[in-house]
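Here is how the chains run, residue by residue.
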Amino acid sequence: MGKVYSDATAALAGILKDGMTIMAGGFGLCGVAETLVDAIKESGVKNLTVISNNAGVDGIHLGKLLETRQIKKMISSYVGENKIFAQQYLAGELELEFTPQGTLSERIRAGGAGIPAFFTATGVGTVIAEGKEVREFPNSPRFAGRKYIMETGLWADVALVHAWKGDTEGNLVYRKTARNFNPMMATAATVTVAQVENLVQAGEIEPDQIHTPGIYVKRLLHVPNVIKRIENRTTRKRNS
Amino acid sequence: MAWTREEMAARAAKELKDGFYVNLGIGIPTLVSNYIPEGMTVALQSENGMMGMGPFPYEGEEDPDLINAGKQTVTELPITSYFSSADSFAMIRGGHIDLSILGAMQVAQNGDLANWMIPGKMVKGMGGAMDLVAGVKKVVVVMEHEAKGESKLLKQCNLPLTGAGVVDMVITDLGVFAIDRSGKAPMKLIELATGVTLDEIKAKTDAEYVVAL
């Protein structure tokens, strides 16, 4: 059974429904599956819960789904680049579950690895800890003397990830800091759809170099001419 | 007289040690990388999944796949490694990073830190700050001493906390304070910025401290 789909609409066919939970990989606009997110917009599916470190920027990536009000709730660590997000949230039109970035990445990793919950010192003594189980580990040489809060694993109906290279088996390789949340999200959904810049035949990627094994990836889309955006272009002069 | 942003960054750089793995926050902390002493090897971690961050690229060599946690284009070095966000925060949470230098809205004399939220006004999020202050071995805050004429160094924070009892040192434009996270010893004023007097610090500081110059 082939994993490669001809276009983004086909790659998402039959797996979208109102009220579903979607994970969207990327950090800022780096390593985002924007072609697939565009297809989510076109599908018109709504009341979405979206798990993503950021919420895109105005008019780009998840920013488009905010404009169309397809998102009901975001689970994120930082949404500071998005004015529409702030407007909708402050008006009470958008639910938001702030999760510290490390806790978010670990909640996703845990969900994918079949771990329902874990304990972390992150957020102890802050609003993040409210309503969460607190535990101490006095007999542990490593963990005694501090408080830890329980955080739960995350799971989505669909994960949308971006990779630099993929083969027809769904094995993925990421490039530089475009890796970020993509590997964990690929493991933590009922159906993971990957868009890849370079599509090759199985066997063409050195097995030792594979970041995400193909077992996690159900569907693949080749996006050879994807537009990559830079949020903050910072440079130095050649003579300095 | 007081320290400029550059001078605050230069002072923070004195907390670096050879061989350190360091995470720098956005703003003044980013400037610290300009003051790493000659001959000292310090690896900069970026929590979006990079160890060994290099300087900004030359014009025309920007790579959209190579950014830091502030979403700025950066470069790689011979020591660079890349990893996932989960691996990045395993490094942070697991206590493998030696030093975190970050900005703040408020710091309390017991080491409480607030730098992520103003209720009803600012909706941005904590990003990786809560993980960093909970996991990194030493936490140094670099911030202006006052905001709109109000002390940012307080008896108690009134903004939502990023972490409770997590700050070891505060460098402001007026001086340097050392904090005992265990709360057993009071906060100490250990250095004055150029041209700043004890009276000026006293007038501009809400927190209680002892002078230990």
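Residues numbered from 1 in each chain as written. Chains lettered and ligands numbered in written order. Predicted model: local features only at pLDDT ≥ 70, side-chain atom pairs only at ≥ 80, totals over all residues. Heavy atoms only, no water.

1. Observations concerning the overall build of chain B
Counting its secondary structure elements, chain B contains five helices and 15 strands. Relative to the globule expectation of 17 Å for 213 residues, the C-alpha radius of gyration of chain B, 17 Å, shows essentially globular dimensions. When its C-alpha atoms are laid out on the principal axes, chain B stretches across 50 × 40 × 30 Å. Within the span of chain B, comprising 213 residues, buried residues form 56% of the whole. Long-range contacts, defined as pairs at least 24 residues apart, comprise 61% of the intrachain contacts of chain B with a sequence gap of at least 6. Carbon and sulfur atoms make up 53% of the accessible area of chain B, which amounts to about 8700 Å² in all. Across chain B, the mean location of the 18 positive side-chain charges is 8 Å away from that of the 27 negative side-chain charges. (Helix = DSSP H or I, 4+ residues; strand = E, 2+ residues; numbered from the N terminus. Rg over C-alpha atoms; globule rule 2.2 N^0.38 Å. Buried < 20%, exposed > 50% of the residue type's maximum accessible area, 1.4 Å probe, protein only. Contact = heavy atoms within 4.5 Å. Areas by Shrake-Rupley, 256 points an atom, 1.4 Å probe, with all protein chains shown as cover. Lys, Arg positive; Asp, Glu negative; His and termini not counted. Charge placed at Lys NZ, Arg CZ, Asp CG, Glu CD.)

2. Examining the overall build of chain A
Scanning chain A for helices and strands turns up six helices and twelve strands. The C-alpha radius of gyration computed for chain A amounts to 19 Å, which stays within 12% of the reference 18 Å derived for 240 residues, consistent with globular compactness. Expressed as lengths along the three principal axes of its C-alpha atoms, the size of chain A is roughly 55 × 55 × 45 Å. Considering chain A as a whole, with its 240 residues, one finds that 53% of them fall into the buried category. Contacts spanning at least 24 positions in sequence make up 74% of the contacts within chain A whose residues lie at least 6 apart. Approximately 10500 Å² of chain A is accessible, and the part contributed by carbon and sulfur atoms is 49%.

3. Observations concerning the nonpolar core
Counting residues in each nonpolar core, the largest one holds 48 residues, and the members touching the most others are V107(B), L113(B), V141(B), V170(B) and I171(B). Counting 40 residues, the second-largest nonpolar core is a separate cluster that includes A33(A), I84(A), V191(A) and V193(A). (Core = buried A, V, L, I, M, F, W, Y, C linked by side-chain atoms within 4.5 Å.)

4. Re the layout of surface pockets
For the second largest pocket, the calculated volume is near 420 Å³. If you trace the second largest pocket, you find 17 residues lining it, with R142(A), F143(A), Y148(A), R93(B) and G94(B) closest to the centre. If you list the elements that add at least two residues to the lining of the second largest pocket, you get strand 6 (117-120) of chain A together with helix 4 (129-135) of chain B. Per-element tally for the lining of the second largest pocket: the top contributor is strand 6 of chain A, with three residues. Class assignment of the residues belonging to the lining of the second largest pocket gives a composition of eight nonpolar, five polar and four charged. (1 Å grid on protein atoms, 1.4 Å probe; cavity = no way out; pocket = protein on both sides within 12 Å on 5 of 7 lines; lining within 4 Å. Points joined across faces, edges and corners; volume = space filled by probe spheres on them. Nonpolar A, V, L, I, M, F, W, Y, C, P; charged D, E, K, R; others polar.)

5. Some points on the interface of chain A and chain B
Taken residue by residue, the interface counts 54 residues in chain A and 47 residues in chain B. Around 4400 Å² of area is buried between chain A and chain B when both sides are counted, 56% of it from carbon and sulfur atoms. Taken as a group, K176(A), T177(A) and R236(A) account for 17% of the area that chain A buries against chain B, more than any other trio of residues on that side. Linking chain A with chain B are seven salt bridges. One salt bridge in this structure joins R175(A) and D65(B), with 2.8 Å as the shortest N-O distance. Seen at the junction of chain A and chain B, the total is 29 residue pairs in polar contact (both at pLDDT 80 or more). Elements that contribute at least two residues to the side of chain A that touches chain B include exactly helix 4 (83-90), strand 5 (95-98), helix 5 (101-112) and helix 6 (182-187) of chain A. (Buried area = accessible area lost by both parts, 1.4 Å probe. Salt bridge = Lys/Arg side-chain N within 4 Å of Asp/Glu carboxyl O. Polar contact = N/O pair within 3.5 Å; in protein donor to acceptor, adjacent residues only side chain to side chain.)

6. Let's talk about a nonpolar patch on the surface
On the surface, a cluster of nonpolar side chains totalling about 270 Å² of accessible area is made up of L198(B), V211(B) and L213(B). Considering the arrangement of structural elements, one finds L198(B) in helix 5 (residues 198-204). (Patch = residues over 30% accessible without salt bridge, like charges linked within 9 Å, V, L, I, M, F, W, Y side chains within 5 Å.)

7. Points about the pairing of strand 6 of chain A
Residues and elements named next belong to chain A. The two faces of strand 6 differ: F118 and T120 on one face are buried, but A117 and F119 on the other face are not. Inspection of the sheet shows strand 6 paired to strand 8 (residues 147-152) by four bridges, in the antiparallel sense. In the strand pairing of strand 8, F119 is matched with M150. (Pairing = 2+ DSSP bridges.)

8. A look at the packing of aromatic side chains
In this description, an aromatic ring pair is defined by two values, namely the gap between the centres and the angle between the planes. Under the criterion given, the structure shown has five aromatic pairs over all chains. Ring geometry for F98(A) and W116(B): centres 5.7 Å apart, planes at 85°, overall edge-to-face. With F98(A) in strand 5 and W116(B) in the loop between strand 7 (113-114) and helix 4, this pair bridges two chains. Each member of the pair, F98(A) as well as W116(B), is classed as buried. With a centroid separation of 5.9 Å and an interplanar angle of 90°, the aromatic rings of F143(A) and Y148(A) are classed as edge-to-face. When its relative accessible area of 38% is taken as the criterion, F143(A) is described as partly exposed. Taken together, the ring pairs connect F119(A), F137(A), F143(A) and Y148(A) into an aromatic cluster. Positioned above the aromatic ring of F27(A), the side-chain terminus of K71(B) is 5.0 Å from the ring centre. (Phe/Tyr/Trp six-rings, centres within 6.5 Å; stacked < 30°, edge-to-face > 60°. Lys NZ or Arg CZ within 6 Å of the ring centre and 35° of its normal.)

9. Describing the environment of K124(B)
Tracing the sequence through the fold places K124(B) in the loop between strand 7 and helix 4. For K124(B) and E6(B), which are 118 residues apart along the polypeptide, the C-alpha to C-alpha distance reads 26 Å. Not counting the four nearest positions on each side in its chain, K124(B) is found in contact with S77(A), Y78(A), V79(A), G80(A) and F98(A).

10. Concerning the domain arrangement of chain A
Residues and elements named next belong to chain A. As assigned here, chain A comprises domain 1 (4-101 + 153-222) and domain 2 (117-152). Each of domain 1 and domain 2 has a C-alpha centre, and these two points are 30 Å apart. Counting residues at the interface gives four residues for domain 1, matched by five residues for domain 2. For the pair domain 1 and domain 2, the summed buried area comes to about 320 Å², and 64% of that belongs to carbon and sulfur atoms. Counting the surface domain 1 buries against domain 2, the share from its top three residues, F98, P100 and G153, is 90%. Inspection of the region where domain 1 meets domain 2 yields zero salt bridges. The tally of links between domain 1 and domain 2 comes to zero residue pairs in polar contact (both at pLDDT 80 or more). A per-class count over the side of domain 1 that touches domain 2 returns three nonpolar, one polar and no charged. (Domains from an automatic or database assignment.)

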